[in-house]
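# Structure at a glance
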There are 2 protein chains.
Amino acid sequence: MADAERKLNNGKSRIDFQADPSKYRHWKLTVDGDVATLLMDVDEKGTLFEGYELKLNSYDLGVDIELADAIERLRFEHPQVKVILLRSGKPRVFCAGANIRMLAGASHAHKVNFCKFTNETRNGIEDASEASGLFTICVINGTAAGGGYELALAADHIMLIDDGSSAVSLPELPLLAVLPGTGGLTRVTDKRKVRRDRADVFCTTEEGIKGKRAVDWRLVDEVVPASKLEEAVAKRAREFAAKSQRPPTGKGILLRPLTRERSADAVEYSTIAVEFDRPARLATVTLRGPQAEPPASAEAMVEQGAEFWPLKLARELDDAILDIRANEFDVAAIVFKSSGDPAQVLAYDQFLDANKEHWLAREIRGFWKRVLKRVDLTSRSLVALVEPGSCFAGTLAELVFASDRSYMLIGKRDGDNKPPATLALAAVNFGAYPMSNGLSRLASRFLADPTDLDRAKAAAGETLDAEAAERLGLVTFALDDIDWEDEIRVFLEERASFSADGLTGLEANLRFGGPETMESKIFARLTAWQNWIFQRPNAVGEEGALKRYGTGQKPAFDTRRV
Amino acid sequence: MADAERKLNNGKSRIDFQADPSKYRHWKLTVDGDVATLLMDVDEKGTLFEGYELKLNSYDLGVDIELADAIERLRFEHPQVKVILLRSGKPRVFCAGANIRMLAGASHAHKVNFCKFTNETRNGIEDASEASGLFTICVINGTAAGGGYELALAADHIMLIDDGSSAVSLPELPLLAVLPGTGGLTRVTDKRKVRRDRADVFCTTEEGIKGKRAVDWRLVDEVVPASKLEEAVAKRAREFAAKSQRPPTGKGILLRPLTRERSADAVEYSTIAVEFDRPARLATVTLRGPQAEPPASAEAMVEQGAEFWPLKLARELDDAILDIRANEFDVAAIVFKSSGDPAQVLAYDQFLDANKEHWLAREIRGFWKRVLKRVDLTSRSLVALVEPGSCFAGTLAELVFASDRSYMLIGKRDGDNKPPATLALAAVNFGAYPMSNGLSRLASRFLADPTDLDRAKAAAGETLDAEAAERLGLVTFALDDIDWEDEIRVFLEERASFSADGLTGLEANLRFGGPETMESKIFARLTAWQNWIFQRPNAVGEEGALKRYGTGQKPAFDTRRV
């Protein structure tokens, strides 16, 4: 199910995005005061799929799921950590990048999803730096090739051992006929700002670049003789720690395992229910509002920890989205619904606003930001149905604005006691959750006329009924009870009848109007070209470079430039 | 040769990008004072390839070549024209968009090149407005579907007849499983700034949108009853003409046919020579500097007309690039060389600087801007070889900066009298020729450190030898005569050995660091996704929507979302 052409290891039938540090197979996370060491030491046998080995610290999605987990845990469980030292546990190799045999045998869909998740993970490392002052120093003790160097590129500072052989490289094009697509090309030009002709040389030089030239060309920040390495690393760690605003002390909270009950056509979380209507190709995600008022204080929030409603919901939503992406390829559309008291949802938003200087409140808002970005980048049609009894207010209203279309029911339903649907905006809708293009969802929505955004701002705090929400441009259509069922059914049927690929392309363009950022360039320009290349015979054909790598046979290329 | 799967009409073996207004088959261009009417009246039989008919004002590349030609002629031959009325010569249909049977039968390479050229043409219409005050008003008298509406989107003002049936639509996704890829999606979100959920409705509604809703949703600027149409069009034409800064009177210059001598492995233009080394998969384009000093005055420049060296060179270079793109798929790299006196090249740049308020000087600079953008967007490796006797100065130096790599020879060649290679910068290198990302090529090159750009500016006017040019970061490598031949040979051989598709993706990413604009979004995000879709079975497979359109059979889709 997860991958038509490959079998998951250990008899599993789904890719699971939850990880448990006590069971990590590929990473060793140690914390010493305000410095954490994240040691990559990939277990060759610990593969996600059957049929390959993870030699030389190469990785597959399973390795990256642990990495993403470790970064989140550092943010929530170890708030006092200011610096991550990203290192290799293997001698003379930092990381050989994405495993080539895994890629060669993966379906197109898995390749695309693998790249998307690894990109999100690397963006998450950068977000930890920018938003939380949790800096990453990458120490390269040998080869950092391909995805290995792309991982290094996510760090704030790259140190390379000067031993005459340690080098950084992006050999994807010459070796495999694909791109350094986990942000590699874009970070080289837009983050490291390597001169374009030098980038061209670098990306076409299999063996990579080492020593002084690597520094001169801005590929790494410094080279250090092996004998001085530990001293230099400790010095840099102190420097970065000194710049961090993370709390000097801080008791973290434990990210306990999620509760999930899976049946054939449903997943029941604590704050979310997912229902699959497989004939209709729909997944309905219903978010449940809080059951109780916000805690009395920031300390009480810390006490609640992972049970604190906004955090619990964000984690469960993240897992649900990732599960659909990787395991439910036949789902055409994700339908967001909600149930609960909108006033309570807003009360939680106000609580987080009031405590926004508190490290945990900040981390929770940051987590929501990343989850919502994950939603934006999900290649399924996104639909919000705002119905009686729903609670799309504040943070939850972002899902309405993240949707490709939203429908809101006017008034009550015949023979139903639930209160009419309302929508409510709050301060959080105007900047706390930027999309990858750098704008809030409402600013992206109202690109044409900034006064529309002003009108929406002025309505913050109001309880908006369907007609008011439609007038303000917050939903696509407000519908009567009489029209509702037919309209929605016809729309969803039609959606499921369209070409799956056509919709992916359409949505990838319409969702991101306005400016581009390095992050959006990674998901648009770089990823779209990589996905194109991932279909080309020169890469994936029987005689293509990905298939022939390591066989001793040279690839045979169609030489025509397109 | 031009297209492996299709035969060109009339026994031709190459696609020719030159057009002659007296022989247009699809457009009628009339000029009345400061208003031109460009009437689309496509000849069904006048197809570029065999095997389809251009019904309902649908178009193929041949139709677009005439359109691009007409726009250029309005700029050069009719400098007094301030407004273009873009209209249909057919009743009840404006334009049905790109011809579907043409697309269904085209090779992937042709589809990609077709979209690229049509996008460049539409960008050219917008550039005429922005840079020259030559505004376009589009008058839609019936159906403007798909590419037909995309053409309208290039205009400054869209008028739609309000007759209860005339509508605009982007039905590509529902009908054909592809994207509105000639800028359509991007112009809807970023130029017309249509709200994203409305854009979603619009792009999934086959029959399109008409009347008041088309205005409310910002898809057109106004709807006009048929009875009032001519009056309204005349009024808008006056309004736009009043805003234009084009010269009130102005004798145009005639864009005479280019002189081209084609042999098996070469094309000889007047100011350019193209040589094909087919075993090595190289095209060498040698640009020749001017033979004489610049004319004494702007009037004398007008007198020279199309013979004026900078214009002649730009037109010939444009043709050479387009010819290679569309007809020489096996060329892996274009190698730019030049020969001539750099001082003369700079003299022409100074002449154009001195006359920059003159309409013809402005149009020539604008034409160079567009030709250089065309070079940037050409999916072949671009290489500049700066050798003794070359004249890469000012405008011509832009080709060095447009290249993926540049090599410069140090000193003289053994037994050769030519003067050592030099490079010279001029004012024109610092803003006159922005790339599609909005930055000059030097600013794009020196993103890392603005002081590098300052150093280059300070060196403007100097004659830089190879070592100085390398020190300033203007060339990739400066090489001795001893190393030159081997280094270049090995590099070009290696380049030709890489995957053609991999290189296309690599170069499309490395060439455009920094910001994105609507234009660069069209060529990156939209085009890259479209190219991906152009390979997906849902569109182009035997059971795909493009293949089955018009057969009465529904397409069969792979429903998996990737």
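You'll find the structure just up there.
In this text, all values refer to a predicted model and were calculated from it rather than measured experimentally.

### A few points about the overall build of chain A
Secondary structure assignment for chain A yields 22 helices and 22 strands. Relative to a compact globule of 562 residues, whose C-alpha radius of gyration would be 24 Å, chain A shows 24 Å and is just as compact. Considered along the principal axes of its C-alpha atoms, chain A spans approximately 75 × 55 × 50 Å. By the burial criterion, 67% of the 562 residues in chain A qualify as buried. Here the contacts in chain A between residues at least 6 apart in sequence split such that 75% fall between residues at least 24 apart. When the accessible surface of chain A is summed, it comes to about 19700 Å², and 49% of that surface belongs to carbon and sulfur atoms.

### As for the sheet that holds strand β12 (residues 222-224) of chain A
All names here are of chain A. Read from one edge of the open sheet, 6 strands run β1-β2-β4-β7-β9-β12, paired in mixed fashion. One side of each edge strand has no neighbouring strand; the edge strands of this open sheet are β1 (27-32) and β12. On average, each strand axis in the sheet is tilted by 20° relative to the strand beside it, whichever way the strands run. Note: strand β7 (residues 135-140) against strand β9 (residues 157-161), 4 bridges, orientation parallel. Considered in β9, the bridge of I140 is made with L160. Running over the sheet, helix α9 (residues 229-243) touches β2 (35-40), β4 (83-88), β7, β9 and β12 and is turned about 150° from β4.

### Points about the pattern of salt bridges
Evaluated as defined, the whole model comprises 123 salt bridges over all chains. The salt bridge involving A:R495 is made with A:E507; its shortest N-O contact spans 2.9 Å. In this pair, A:R495 sits in helix α18 (residues 481-497) while A:E507 sits in helix α19 (residues 500-510), placing the two residues 12 residues apart along the sequence. Across the pair, A:E507 and A:R495 agree in class, each one buried. We note a salt bridge from B:R246 to B:E363, for which the minimum N-O separation is 3.2 Å. Placement of B:R246 in the loop between α9 (229-243) and β13 (261-263) and of B:E363 in helix α13 (residues 359-376) is noted, with a sequence separation of 117 residues between them. For the pair B:R246 and B:E363, one class covers both residues: buried. Among the charged side chains, a salt-bridge network with shared partners connects A:R196, A:D200, A:R561, B:D404, B:R405, B:R495, B:E507 and B:R511.

### Observations concerning the relation of the copies chain A and chain B
Placing chain A over chain B gives an RMSD of 0.0 Å and needs a rotation angle of 180°, together with 0.0 Å of translation along the axis. Here the copies are linked by what is in effect a two-fold axis. For chain A, the smallest separation between a C-alpha atom and the rotation axis is recorded for A:W532, amounting to 2.2 Å. Comparing interface residues between copies, 100% of those in chain A also lie at the interface in chain B; the contact surface is shared.

### Looking at the packing of aromatic side chains
Scanning all chains against the criterion turns up 22 aromatic pairs over all chains. Taking the centre distance of 5.7 Å and the plane angle of 35° together, the rings of B:Y407 and B:F477 count as tilted. One end of the pair, B:Y407, is in strand β20 (residues 405-409); the other, B:F477, is in strand β22 (residues 477-479), and 70 residues separate them in sequence. B:F477 matches B:Y407 in its accessibility class, with the two residues each being buried. Just above the ring of A:F534 sits the side chain of A:K111; from NZ or CZ to the centre is 5.7 Å. A:K243 extends its terminal NZ or CZ atom over the ring of A:F135, reaching a point 5.8 Å from the ring centre.

### Considerations on unusual backbone geometry
All names here are of chain B. Not every positive phi belongs to a glycine, and L56 is a case in point at roughly 55°. Mapping L56 onto the fold places it in the loop between β2 (35-40) and β3 (58-59). One non-glycine residue, R92, adopts positive backbone phi at about 60°. Look at R92 and you get exposed, because its relative accessible area is 67%.

### Some thoughts on α13(B)
Over its 18 residues, α13(B) extends 26 Å from the first C-alpha to the last, a length consistent with the 26 Å expected when each residue adds 1.5 Å. For α13(B), a buried count of 17 out of 18 residues is recorded, marking the element as mostly surrounded by other parts of the structure.

### Looking at the interface of chain A and chain B
With 87 residues of chain A in contact, the opposing surface of chain B contributes 87 residues. Among the residues of chain A in contact with chain B, A:R196, A:R525 and A:R561 are the three that bury the most area, contributing 13% of the side total. Linking chain A with chain B are 16 salt bridges, by the criterion used here. One salt bridge connects A:D404 with B:R196, and the closest N-O pair in it is separated by 3.4 Å. For the pair chain A and chain B, the number of links is 62 residue pairs in polar contact (both at pLDDT 80 or more). Looking at side-chain class alone, the side of chain A that touches chain B contains 38 nonpolar, 23 polar and 26 charged residues.

### Side note on the environment of B:F276
Residues and elements named next belong to chain B. By the element assignment, F276 lies in strand β15 (residues 272-277). F276 gets classed as buried once you look at its relative accessible area, which sits at 8%. For the pair formed by F276 and V42, sequence separation is 234 residues and the distance between their alpha carbons is 35 Å. In this structure, F276 is in contact with D265, A266, V267, L282, A283, I324, E328 and V331, ignoring residues within four places of it in sequence.

Conventions we followed
- Residues numbered from 1 in each chain as written.
- Chains lettered and ligands numbered in written order.
- Predicted model: local features only at pLDDT ≥ 70, side-chain atom pairs only at ≥ 80, totals over all residues.
- Heavy atoms only, no water.
- Helix = DSSP H or I, 4+ residues; strand = E, 2+ residues; numbered from the N terminus.
- Rg over C-alpha atoms; globule rule 2.2 N^0.38 Å.
- Buried < 20%, exposed > 50% of the residue type's maximum accessible area, 1.4 Å probe, protein only.
- Contact = heavy atoms within 4.5 Å.
- Areas by Shrake-Rupley, 256 points an atom, 1.4 Å probe, with all protein chains shown as cover.
- Pairing = 2+ DSSP bridges.
- Axes fitted to C-alpha atoms, helices over the stretch in contact; angles between N-to-C directions.
- Salt bridge = Lys/Arg side-chain N within 4 Å of Asp/Glu carboxyl O.
- Least-squares fit on C-alpha atoms with pLDDT ≥ 70 in both.
- Phe/Tyr/Trp six-rings, centres within 6.5 Å; stacked < 30°, edge-to-face > 60°.
- Lys NZ or Arg CZ within 6 Å of the ring centre and 35° of its normal.
- Expected span 1.5 Å × (residues − 1).
- Buried area = accessible area lost by both parts, 1.4 Å probe.
- Polar contact = N/O pair within 3.5 Å; in protein donor to acceptor, adjacent residues only side chain to side chain.
- Nonpolar A, V, L, I, M, F, W, Y, C, P; charged D, E, K, R; others polar.

So far we have only geometry, and geometry alone does not tell us how the molecule works.
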